[in-house]
Amino acid sequence: MWTQIEIAAKTTDVFDPPIGRPLFGILHLHDVGLTMLRDKPAFTRLFDELRIACVCPHGQRSWWSDRVCAEFDPILTPEKHLLDNVLPYIRKRWGFGDRHVGLQGISMGGQGALRLAFKHPQRFPVVAGIASAIDYHDLYGQGSPLDEMYDSKEQCRQDTAPLHLHPVHYPAHIFYCIDPDDPWVRGNDRLHEKMTALGVPHEFDFTTRAGGHSWDYFNHMAEPVVRFIVAGLEQESRRLL
């Protein structure tokens, strides 16, 4: 059910439901540990049950930003790859329309999914982040690829998801969750405060405890997250305009 292909010469994992044409697609952004979903039955079971195609690009430790990351590519940014190569591939392969593809991510990928959807809400009307490492600028200066991607910690902070949230143009369906024992919880809480102040509709879960920042928690939240995305895509697919 999972295969590995190349999209624009970049490795990508693809899940195709074994029975019937998929109803919707999910673009998944992985964590900084480069852990893919192909070995995570909690997610695969849901994709199979709900007839969802899933595409998981390999993005290295790029934080899925619109900045050049040498680990990923010397010229092409991860964001450009997602928008110009991966999303068109998903739509063409399964014949999906503009409102048939949702976006989700875990940790590094969670913040990347939220930021990308905030920047391009028309392309990603449904987004979900699991344990999103929103304040990733705190890692600047610790020897990661971020040190070469940004000139300063402040420049990195200016590129975080909350700074790309528009008060009027935003995804129609937003959900993010984090274990209250997760060290990244404060960034999620600040995003919630900003969205509430701006009146941006969103759903969140900051109370479920299932292991902190770990795959115990990520797997535990697979069902509510995937079902949220599918429900949002079902609503979007019925829209006339």
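None of these values were measured; they are calculated from a predicted model.

Engineer: Residues and numbers for the sheet that holds strand β1 (residues 2-7), please.
Structural biologist: A sheet is described by the order of its strands in space; here eight strands give the open sequence β1-β2-β4-β3-β5-β6-β7-β8, paired in mixed fashion. Pairing within the sheet leaves two strands with one partner each, and these edge strands are β1 and β8 (203-205). Across the sheet, the mean angle separating the axes of adjacent strands is 20° when strand polarity is ignored. Two elements, strand β2 (residues 10-15) and strand β4 (residues 52-57), share four bridges in a ladder whose sense is antiparallel. Along β4, the bridge assignment pairs T12 with P57. Where helix α2 (residues 78-94) meets the sheet, it contacts β1, β2, β3 (24-29), β4 and β5 (101-106), and its direction lies at approximately 155° from that of β4.

Engineer: Any chance you could break down the nonpolar core for me, citing the residues and the numbers?
Structural biologist: Core analysis: the largest hydrophobic core is formed by 76 residues, its most contacted members being L37, F43, F47, L103, L114 and I130. If one sorts the elements of this core by residue count, helix α8 (residues 222-237) sits on top with seven residues.

Engineer: Tell me about α8, residues and numbers included.
Structural biologist: Given a rise of 1.5 Å per residue, 16 residues ought to cover 22 Å, and the 22 Å separating the end C-alpha atoms of α8 matches this to within 8%. Taken residue by residue, α8 has A222, V225, V226, F228, I229, V230, G232, L233 and E236 as its buried positions.

Engineer: Can you lay out the packing of aromatic side chains for me, pointing to particular residues and giving the numbers?
Structural biologist: Counting across every chain of the model gives 13 aromatic pairs. Here F43 and F47 contribute two aromatic rings whose centre-to-centre distance is 6.4 Å and whose plane-to-plane angle is 45°, an arrangement assigned as tilted. Linking F43 with F47, this pair stays in helix α1 (residues 41-50), spanning four residues, or about one helical turn. In this pair, the class of F43 matches that of F47, namely buried. An aromatic cluster is defined as three or more aromatic residues linked by ring pairs; in this entry it consists of W2, F15, F43 and F47. Stacked on the ring of F72, the Lys or Arg K10 has its end atom at 4.7 Å from the ring centre. One Lys or Arg, K40, reaches over the ring of W215 and ends 4.3 Å from the middle of that ring.

Scoring rules and cut-offs
- Residues numbered from 1 in each chain as written.
- Predicted model: local features only at pLDDT ≥ 70, side-chain atom pairs only at ≥ 80, totals over all residues.
- Heavy atoms only, no water.
- Pairing = 2+ DSSP bridges.
- Helix = DSSP H or I, 4+ residues; strand = E, 2+ residues; numbered from the N terminus.
- Axes fitted to C-alpha atoms, helices over the stretch in contact; angles between N-to-C directions.
- Contact = heavy atoms within 4.5 Å.
- Core = buried A, V, L, I, M, F, W, Y, C linked by side-chain atoms within 4.5 Å.
- Buried < 20%, exposed > 50% of the residue type's maximum accessible area, 1.4 Å probe, protein only.
- Expected span 1.5 Å × (residues − 1).
- Phe/Tyr/Trp six-rings, centres within 6.5 Å; stacked < 30°, edge-to-face > 60°.
- Lys NZ or Arg CZ within 6 Å of the ring centre and 35° of its normal.

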